[in-house]
Amino acid sequence: MAATPIAVITGASSGIGAATARQLAAAGYRVVLTARRKDRIEALAAELTEAGHQATAYALDVTDRTAVDEFATAFRSLAVLVNNAGGALGADPVATGDPADWRQMYETNVIGTLNVTQALLPALTASGDGTVVILSSTAALSSYEGGGGYVAAKHGEHVLAETLRLEIVGTPVRVIEVAPGMVKTEEFATTRFRGDTEKAAKVYAGVDAPLTADDVADTITWAITRPSHVNIDLLVVRPRAQASNSKVHRTL
């Protein structure tokens, strides 16, 4: 009997990461949940196990290369890596943006993705049918005012995906990039505005049905579960109310 394929999901403690873990578990993967918040991923692993799925929690900071390398030693073969850990900080203009925020966004979104991908690529290749998913953003494709640091980081992640695909073509590993537009989750905007729930709420004010974490997870799972010879290079997904990063229909 074939072994259950393993999928590692970073940033699995909430939002898109947690939703993706649930959907991949339901699709028959043994999911390995990583995030810094150990209590969150342990609770999710318990939920999935109780539902009859296979799930393991592993506390991990993707920016800590030593910890990432240690984590990777657990895998001789790996089917899927979903690079979801990331996020935004602040919405200041370039002229007044905090370099510390820019640095943290770059470290988490770009270097974190690089660390985990490099560490797990041998196991993904050894599987004979591996998939790397990089969750970027529509910010990876075009800029918007007040988003300079996040846009720069997501552009870096986009180029990482594009370059990796060129470099490993001919190996049994696909590189998929999913770039969501406006997604309303319980934490993204609140974290961006450092707990200011009023500012966070304004991001989505008047927008009819922004994307949910489940919408994006469904897109990720669909891309992963295509036949092995099919590579979804780049999939942009937005709510119907959003035409671009700067063009959103609001009923206000």
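Above this text you will find the structure in question.
In this report, the structure presented in the accompanying data block is examined.

### A closer look at the pairing of strand 6 (residues 173-180)
Thinking step 1. Burial within strand 6 is extensive, with eight of its eight residues counted as buried.
Thinking step 2. Side-chain alternation along strand 6 places V173, V175, E177 and A179 on one buried face and R174, I176, V178 and P180 on a second face that is also buried.
Thinking step 3. With helix 5 (residues 148-168) bridging strand 5 (residues 130-135) and the parallel strand 6, this β-α-β connection has right-handed handedness.

### Quick look at empty space enclosed by the protein
In this approach, a probe sized like a water molecule rolls over the atoms, and the result shows the empty space that is left.
Thinking step 1. For the structure shown, the criterion picks out one cavity of 30 Å³ or more.
Thinking step 2. In this model, the largest cavity occupies a volume close to 70 Å³.
Thinking step 3. In terms of lining, the largest cavity is formed by 14 residues, of which the most central are L89, G90, D92, W102 and M105.
Thinking step 4. Of all the elements in the fold, those that place two or more residues in the lining of the largest cavity are helix 4 (99-126) and helix 5.
Thinking step 5. Taken together, the residues of the lining of the largest cavity sort by class into five nonpolar, five polar and four charged.

### Notes on the environment of L24
Thinking step 1. Summarising the element assignment, L24 is placed in helix 1 (residues 15-26).
Thinking step 2. For the pair formed by L24 and L166, sequence separation is 142 residues and the distance between their alpha carbons is 27 Å.
Thinking step 3. When neighbours within four sequence positions are excluded, L24 is seen to be in contact with A7, I9, Y29, V31, V82, T221 and I224.

### Concerning the packing of aromatic side chains
Thinking step 1. Applying the stated criterion to the full structure yields three aromatic pairs.
Thinking step 2. Taking 4.7 Å as the distance between ring centres and 50° as the angle between the ring planes, the aromatic pair formed by Y58 and F71 counts as tilted. Here the residue Y58 occupies a position in strand 3 (residues 55-59), and F71 occupies one in helix 3 (residues 65-72), the gap between them amounting to 13 residues.
Thinking step 3. A relative accessible area of 3% places F71 in the buried class.
Thinking step 4. Members of the aromatic cluster, each reached through a chain of ring pairs, are Y58, F71 and F75.

### Quick notes on unusual backbone geometry
Excluding glycine, most residues fall at negative phi; most peptide bonds, likewise, are trans.
Thinking step 1. Residues other than glycine seldom take positive phi values, yet R194 does so here, at roughly 55°.
Thinking step 2. Inspection of the secondary structure assignment puts R194 in the loop between helix 6 (188-192) and helix 7 (197-204).
Thinking step 3. Take R194: its relative accessible area is 53%, and that puts it in the exposed class.
Thinking step 4. Its identity is not glycine, yet A209 carries a phi of approximately 55°, on the positive side.
Thinking step 5. Examined against the element boundaries, A209 turns out to sit in the loop between helix 7 and helix 8 (213-224).
Thinking step 6. Owing to a relative accessible area of 53%, A209 belongs among the exposed residues under this scheme.

### Structural notes on a nonpolar patch on the surface
Thinking step 1. Nonpolar side chains collect at one region of the surface, where L141, L234 and V236 lie side by side and expose about 210 Å² of accessible area between them.
Thinking step 2. With respect to the helices and strands, the residue L234 is situated in strand 7 (residues 234-237).
Thinking step 3. With relative accessibility at 38%, the residue L234 sits in the partly exposed group.

### Looking at helix 3
Thinking step 1. For helix 3, the complete set of buried residues consists of V68, F71 and A72. The buried residues of helix 3 all sit within an arc of 100° when viewed along its axis, so they share a single face. Within helix 3, the exposed residues directed more than 90 degrees away from the buried face are T66 and E70.
Thinking step 2. For helix 3, the elements touching its buried residues are strand 1 (6-9), strand 2 (30-35), strand 3 and helix 4.
Thinking step 3. You can read the cap of helix 3 off the contacts: a side-chain oxygen lies 3.2 Å from the backbone nitrogen of T66, and it is on D64.

### So, the pattern of salt bridges
Thinking step 1. Tallied over the full model, the rule gives eight salt bridges.
Thinking step 2. With its nearest N and O atoms 2.9 Å apart, the salt bridge here joins R65 to D69. One end of the pair, R65, and the other, D69, are both in helix 3, four residues apart, so they sit about a helical turn from each other.
Thinking step 3. When its relative accessible area of 34% is taken as the criterion, D69 is described as partly exposed.
Thinking step 4. Note that D233 is salt-bridged to R165, the shortest N-O span being 3.6 Å. In this pair, D233 sits in the loop between helix 8 and strand 7 while R165 sits in helix 5, placing the two residues 68 residues apart along the sequence.
Thinking step 5. One continuous salt-bridge network, built from bridges that share partners, spans R37, R40 and E187.

Conventions adopted
- Residues numbered from 1 in each chain as written.
- Predicted model: local features only at pLDDT ≥ 70, side-chain atom pairs only at ≥ 80, totals over all residues.
- Heavy atoms only, no water.
- Buried < 20%, exposed > 50% of the residue type's maximum accessible area, 1.4 Å probe, protein only.
- Helix = DSSP H or I, 4+ residues; strand = E, 2+ residues; numbered from the N terminus.
- Right-handed = clockwise from strand over helix to strand, strands pointing away.
- 1 Å grid on protein atoms, 1.4 Å probe; cavity = no way out; pocket = protein on both sides within 12 Å on 5 of 7 lines; lining within 4 Å.
- Points joined across faces, edges and corners; volume = space filled by probe spheres on them.
- Nonpolar A, V, L, I, M, F, W, Y, C, P; charged D, E, K, R; others polar.
- Contact = heavy atoms within 4.5 Å.
- Phe/Tyr/Trp six-rings, centres within 6.5 Å; stacked < 30°, edge-to-face > 60°.
- Patch = residues over 30% accessible without salt bridge, like charges linked within 9 Å, V, L, I, M, F, W, Y side chains within 5 Å.
- Areas by Shrake-Rupley, 256 points an atom, 1.4 Å probe, with all protein chains shown as cover.
- Salt bridge = Lys/Arg side-chain N within 4 Å of Asp/Glu carboxyl O.
- Arc of directions from axis to C-beta.
- Polar contact = N/O pair within 3.5 Å; in protein donor to acceptor, adjacent residues only side chain to side chain.

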